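Now for the letters of each chain:
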Amino acid sequence: MNWLHCSGPRGRHWGRYGAAGLLLAAPADDGWQVLLDERADWVHHGGTVGVPGGAMHPGERPIDAALREVGEEVHGLDAVEINVVTEHLQPCPDCGRWTYTTVVARTTGAHQVQARSFESAAVTWVAETEVEKLPLHPGFAIAWPSLRPLLGTAAQ
């Protein structure tokens, strides 16, 4: 089992060694579009939306985990140039032993994508101004206000 038990109200976290995901942004006419993953109904927090990502392997760097996970979950990004901007670390406020790292990156355009994994109902590009209107994964909902400014200003 790949769960880390937490002493706080969350109870447990997916990924004994932490987890990582990729917030990929592509320029749009009025800012950025970001690639989001709608989780399949049967998974933890199913039906919510967040970034493609998942559990880290022992000794794996967050950037490597995020890129591996996006490769496992999203078809259409295999040969796309991804330029990492920064990483955002979000520790569990209850246990402090578990962290989620969001790797913030950019690409040149909103390439055609589709879900590659049975864990995803869909993957799609969403205007950054529309993200808060979606049923967000609880962890992503907490992180989004800190992540959005990390996208910077889109090149016109």
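Rules and cut-offs
Residues numbered from 1 in each chain as written. Predicted model: local features only at pLDDT ≥ 70, side-chain atom pairs only at ≥ 80, totals over all residues. Heavy atoms only, no water. Phe/Tyr/Trp six-rings, centres within 6.5 Å; stacked < 30°, edge-to-face > 60°. Helix = DSSP H or I, 4+ residues; strand = E, 2+ residues; numbered from the N terminus. Buried < 20%, exposed > 50% of the residue type's maximum accessible area, 1.4 Å probe, protein only. Contact = heavy atoms within 4.5 Å. Arc of directions from axis to C-beta. Salt bridge = Lys/Arg side-chain N within 4 Å of Asp/Glu carboxyl O.

Caption draft 1: Broad picture of the packing of aromatic side chains. One pass over the full model with this rule turns up two aromatic pairs. Ring centres of W42 and F118 lie 5.6 Å apart, and the angle between their planes is 10°; on these two criteria the pair is classed as stacked. Of the two residues, W42 is situated in the loop between β4 (31-39) and β5 (49-50) and F118 in the loop between β10 (114-115) and β11 (120-127); the sequence distance between them amounts to 76 residues. Of the residues examined, W42 reaches a relative accessible area of 57% and is grouped as exposed. With a relative accessible area of 62%, F118 lands in the exposed category. Their ring planes at 45° and their centres at 5.6 Å tell us that F140 and W144 sit as a pair that is tilted. On the criterion of helical spacing, the pair formed by F140 and W144 is a turn pair, its members being four residues apart in helix α2 (residues 138-147). Across the pair, exposure class does not vary: F140 and W144 are buried alike.

Caption draft 2: Region of the structure containing the environment of L136. Along the chain, L136 falls in the loop between β11 and α2. For the pair L136 and R39, spaced 97 residues apart in sequence, the C-alpha separation works out to 9.9 Å. Not counting the four nearest positions on each side in its chain, L136 is found in contact with T48, V49, V131 and A141.

Caption draft 3: Seen up close, α2. Turning to α2, its buried residues number three or more, namely F140, A143, W144 and L147. Across the axial projection of α2, the buried residues extend over an arc of 125°, all falling on one side. Away from the buried face of α2 by more than 90 degrees, exposed residues I142 and P145 are located.

Caption draft 4: Spotlight on the environment of L67. Along the chain, L67 falls in helix α1 (residues 62-73). A relative accessible area of 34% means that L67 is categorised as partly exposed. Expressed as a C-alpha distance, the spacing of L67 and L22, which sit 45 residues apart in the sequence, is 6.9 Å. Those residues in contact with L67 that sit more than four places away from it in its chain are L22 and I82.

Caption draft 5: Seen up close, the pattern of salt bridges. Taken as a whole and assessed by the stated rule, the structure comprises six salt bridges. Salt-bridge contacts for R68 lead to E60; the nearest nitrogen and oxygen are separated by 2.9 Å. Under the relative-accessibility criterion, E60 is labelled buried at 16%. Its salt-bridge partner being D64, residue R61 comes within 2.9 Å of it at the nearest N-O pair. A residue is classified by how much of its surface remains accessible, and D64, at 33% relative accessible area, is partly exposed. Salt bridges sharing partners connect three or more residues here, namely E60, R68, E69 and E72.

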